[in-house]
Amino acid sequence: MKNFSLLITLILIFISVNENYSQKRPDFRNISIREIKNRLTENLQQLDSEYLQNLSYKDYRMAREILIESFNLLRMIPDNGITISDEIKVLSNEEFAELCNNIKSESFESDKIYVIQLAAKYNWFTVSQLIELIELMNFSNDKIEVVKIIYPNVIDKYNSHLILNAFSHSSDKERVKNIINDFPDKQK
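Everything in this summary refers to the structure shown in the same document. Keep in mind that this is a model prediction, so the values were computed, not measured.

Conventions adopted
- Residues numbered from 1 in each chain as written.
- Predicted model: local features only at pLDDT ≥ 70, side-chain atom pairs only at ≥ 80, totals over all residues.
- Heavy atoms only, no water.
- Buried < 20%, exposed > 50% of the residue type's maximum accessible area, 1.4 Å probe, protein only.
- Helix = DSSP H or I, 4+ residues; strand = E, 2+ residues; numbered from the N terminus.
- Contact = heavy atoms within 4.5 Å.
- Axes fitted to C-alpha atoms, helices over the stretch in contact; angles between N-to-C directions.
- Parallel < 35°, antiparallel > 145°, perpendicular 65-115°, else oblique.
- Left-handed = near helix turned anticlockwise from the far one by under 90°.
- Nonpolar A, V, L, I, M, F, W, Y, C, P; charged D, E, K, R; others polar.
- Salt bridge = Lys/Arg side-chain N within 4 Å of Asp/Glu carboxyl O.
- Phe/Tyr/Trp six-rings, centres within 6.5 Å; stacked < 30°, edge-to-face > 60°.
- Lys NZ or Arg CZ within 6 Å of the ring centre and 35° of its normal.
- Lys, Arg positive; Asp, Glu negative; His and termini not counted.
- Polar contact = N/O pair within 3.5 Å; in protein donor to acceptor, adjacent residues only side chain to side chain.

1. Considerations on helix H6 (residues 127–135)
In step 1: Restricting attention to buried positions, one finds in H6 the residues Val-127, Gln-129, Leu-130, Ile-131, Leu-133 and Ile-134.
In step 2: Those residues of H6 that are buried are in contact with helix H4 (93–104) and helix H7 (140–150).

2. Comments concerning the packing of H4 against helix H5 (residues 109–122)
In step 1: Between H4 and H5, the least distance of the axes is 8 Å, while the angle of their chain directions is 155 degrees. Of the possible angle classes, the one that applies to H4 and H5 is roughly antiparallel. The hand of the H4/H5 crossing is right-handed. Contact residues: H4 offers Leu-99, Asn-102 and Ile-103, while H5 offers Lys-112, Val-115, Ile-116 and Ala-119.
In step 2: By residue class, the composition of the contact of H4 with H5 is five nonpolar, one polar and one charged.

3. Digging into the pattern of salt bridges
In step 1: As enumerated under the stated definition, the model contains two salt bridges in all.
In step 2: Ionic pairing is found between Lys-112 and Glu-109, a salt bridge with its closest N-O pair at 3.6 Å. Residue Lys-112 and its partner Glu-109 are both found in helix H5; the two are separated by three residues, about one turn of the helix. Just as Lys-112 is buried, Glu-109 falls in that class too.
In step 3: Here Glu-174 makes a salt bridge to Lys-177, at a shortest N to O gap of 3.8 Å. With Glu-174 and Lys-177 both in helix H8 (residues 170–182) and three residues apart, the pair spans about one turn of that helix.
In step 4: Here Glu-174 falls in the partly exposed class, since its relative accessible area comes to 40%.
In step 5: Residue classification places Lys-177 among the partly exposed residues on the basis of a relative accessible area of 35%.

4. Quick word on the packing of aromatic side chains
In step 1: Summed over the entire model, instances satisfying the criterion amount to zero aromatic pairs.
In step 2: Lying over the aromatic face of Tyr-151, Lys-157 brings its terminal NZ or CZ to 5.1 Å of the ring centre.

5. Observations regarding the side chain of Asp-156
In step 1: When you line up the elements, Asp-156 lands in the loop between H7 and H8.
In step 2: Of the side chains bearing the opposite charge, Lys-157 lies closest to the buried Asp-156, which forms no salt bridge; the N-O distance is 7.6 Å.
In step 3: Only 2.8 Å separates the side chain of Asp-156 from the backbone nitrogen of Val-127, close enough to count as a polar contact.
In step 4: Ignoring any residue separated from it by four or fewer positions in sequence, one finds Asp-156 in contact with Phe-125, Thr-126 and Val-127.

The following block contains the structure:
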């Protein structure tokens, strides 16, 4: 009898919780793309600030990379006829100089890459700024990684041919060409 009353109590609690959840669940059918993007951004920021901090360092770094990629993908989605280019904020010379100083202060290439990922999360760059960031790296793979991170946020892609001059090896130039060619052309 005791088990039966416990089972009934659990079922009633489940029904109550389910009804409360279904009543509080927002209707996403009539929401604008901009609102969806804002809610997703808020959710990702909440994940970052409240939950990622509790992970081990290794798991945090991996989760953070996924989070940064998610932010970048989210920024690529146009909303209600307003494209990303309408919301562009390019780093000023002073802000970019400060970013470069922050990158230079890091001892390890992986930490430099991480600072660049964070900067790319919220900012747009010019080709000349991308080239300066490439020059801050010591190794070819890291330079190419910088292109992968920053190129989606470059506003003057018509100057992309200048990026190739930042590389001396033909194999590196070929990898950069592939990154540039794989990026969707917004001018079509």
